[in-house]
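Observations on the model geometry
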Amino acid sequence: GAGVSQSPSNKVTEKGKDVELRCDPISGHTALYWYRQSLGQGLEFLIYFQGNSAPDKSGLPSDRFSAERTGGSVSTLTIQRTQQEDSAVYLCASSPLKPATQYFGPGTRLLVL
Amino acid sequence: GNSVTQMEGPVTLSEEAFLTINCTYTATGYPSLFWYVQYPGEGLQLLLKATKADDKGSNKGFEATYRKETTSFHLEKGSVQVSDSAVYFCALNNNAGNMLTFGGGTRLMVKP
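First, a word on scope: everything that follows refers to the structure included in this document.

Once that is clear, we can look at the pattern of salt bridges. Residue and element names in this part refer to chain B. Applying the stated criterion across every chain, the model contains six salt bridges over all chains. Two residues, Lys77 and Asp84, come together in a salt bridge whose shortest N-O distance is 2.8 Å. Like Asp84, Lys77 is buried.

Written out as structure tokens, the structure is:
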């Protein structure tokens, strides 16, 4: 079946602009995660959604970052007033409730000029 | 807090050589342990996992054994192929949300 999809695959933006990154999880997966992969920080957790519960935002690096998940499916990660240090690959993953193996999308490569 | 440490790369091997990529972890409780692989230009894929002490995860000729006494989950393969060239990530989770904590990744390059 279809895997996790993300769009766009690449995004180039200017410093100070807002960007939106989209994730379509595997159908039926209740959990959705956002991670960031950057040269300096490696792979780091950003935010987690589980069903209709309040998201776990403990990994968000600043209040410029936010995410929502509509209807328990598609998620959008928004970065406001982008900075050069936001340049990274943003990965989305989803998992069923059990087993909790996470399946990753191909990522969105963000470059902030 | 949780942390994962894995050997830095790149690791360069000839085809059919034996591979070991070391991974050690720090965590409270009883984490599940994972190896993910990222092939060039592709996303992260789960390679193998182990959910309790002494479990051995295996897939595509790769193996890793969950060693609680040494807090390790080393990845091994008896005979690597050029197609195994990729970046390998060791990871754990031990929380209700199952968020993964990753190591820094190890790039493997296999030469024919």
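Once the structure has been displayed, the description carries forward.
Where interface size is given, it is often the accessible area lost as the parts come together that is meant. In this assembly, 15 residues from chain A lie in contact with 13 residues from chain B. Each partner contributes to the roughly 1,200 Å² buried at the junction of chain A and chain B, and carbon and sulfur atoms together form 59% of this total. Three residues stand out in chain A for area buried against chain B, namely Leu43, Thr101 and Phe104 of chain A, and they jointly supply 39% of the buried area on that side. Connecting chain A to chain B are zero salt bridges. The interface formed by chain A and chain B includes four residue pairs in polar contact (both at pLDDT 80 or more). Counting residues per element, the ones that place at least two in the side of chain A that touches chain B are strand S4 (31-38) and strand S5 (42-50) of chain A. Of the residues belonging to the side of chain A that touches chain B, the class tally is ten nonpolar, four polar and one charged.

All names here are of chain B. The sheet built from four strands is open, its strands ordered S3-S9-S8-S7 with antiparallel pairing. A single partner strand is all that each edge strand has here, and the edge strands are strand S3 (19-21) and strand S7 (56-59). Going across the sheet, the axis of each strand differs from the next one's by a mean of 15°, ignoring polarity. As defined by bridge partners, strand S8 (residues 62-65) adjoins strand S9 (residues 75-77) across three bridges and the pair is classed as antiparallel. When the sheet's bridge partners are listed, Glu63 is paired in S9 with Glu76.

Across all of its chains, the model carries twelve aromatic pairs over all chains by this definition. Measuring from centroid to centroid gives 5.3 Å for Phe104 of chain A and Tyr36 of chain B, while their planes differ by 80°, and the two rings are edge-to-face. Here Tyr36 of chain B lies in strand S5 (residues 32-38) and Phe104 of chain A lies in strand S9 (residues 103-104), a pairing that spans two chains. Like Phe104 of chain A, the residue Tyr36 of chain B is buried in the burial classification. With a centroid separation of 6.2 Å and an interplanar angle of 70°, the aromatic rings of Phe104 of chain A and Phe102 of chain B are classed as edge-to-face.

Side chains of Val12, Leu111 and Leu113 of chain A sit close together on the surface and give an oily, nonpolar patch of about 280 Å² of accessible area. Within the secondary structure layout, Leu111 of chain A lies in strand S10 (residues 108-112).

Taken as a whole, this structure holds two disulfides over all chains when the rule is applied. The disulfide bridge from Cys23 of chain A ends at Cys92 of chain A, spanning 1.9 Å between sulfur atoms. Measuring the twist about the S-S bond at about -65°, one finds the Cys23 of chain A-Cys92 of chain A disulfide to be left-handed. With Cys23 of chain A in strand S3 (residues 19-24) and Cys92 of chain A in strand S8 (residues 88-95), the pair connects residues that are 69 residues apart, well separated along the chain. A disulfide bridge connects Cys23 of chain B with Cys90 of chain B, and the sulfur atoms are separated by 1.9 Å. Disulfide Cys23 of chain B-Cys90 of chain B: the torsion about the S-S bond is -70°, which places it as left-handed. One end of the pair, Cys23 of chain B, is in strand S4 (residues 23-26); the other, Cys90 of chain B, is in strand S10 (residues 86-93), and 67 residues separate them in sequence.

Another aspect to go through is the environment of Leu91 of chain A. Here Leu91 of chain A shows up in strand S8. A C-alpha to C-alpha distance of 8.9 Å links Leu91 of chain A and Arg109 of chain A, two positions 18 residues apart in sequence. Excluding anything up to four places from it in sequence, Leu91 of chain A contacts Gln6, Tyr33, Trp34, Tyr35, Gln37, Leu43, Phe104, Gly105, Pro106 and Gly107 of chain A together with Leu44 of chain B.

Thresholds, definitions, all that
- Residues numbered from 1 in each chain as written.
- Chains lettered and ligands numbered in written order.
- Predicted model: local features only at pLDDT ≥ 70, side-chain atom pairs only at ≥ 80, totals over all residues.
- Heavy atoms only, no water.
- Salt bridge = Lys/Arg side-chain N within 4 Å of Asp/Glu carboxyl O.
- Buried < 20%, exposed > 50% of the residue type's maximum accessible area, 1.4 Å probe, protein only.
- Contact = heavy atoms within 4.5 Å.
- Buried area = accessible area lost by both parts, 1.4 Å probe.
- Polar contact = N/O pair within 3.5 Å; in protein donor to acceptor, adjacent residues only side chain to side chain.
- Helix = DSSP H or I, 4+ residues; strand = E, 2+ residues; numbered from the N terminus.
- Nonpolar A, V, L, I, M, F, W, Y, C, P; charged D, E, K, R; others polar.
- Pairing = 2+ DSSP bridges.
- Axes fitted to C-alpha atoms, helices over the stretch in contact; angles between N-to-C directions.
- Phe/Tyr/Trp six-rings, centres within 6.5 Å; stacked < 30°, edge-to-face > 60°.
- Patch = residues over 30% accessible without salt bridge, like charges linked within 9 Å, V, L, I, M, F, W, Y side chains within 5 Å.
- Areas by Shrake-Rupley, 256 points an atom, 1.4 Å probe, with all protein chains shown as cover.
- Disulfide = S-S within 2.5 Å.

In short, the description is geometric, and any link to function would need to be established separately.
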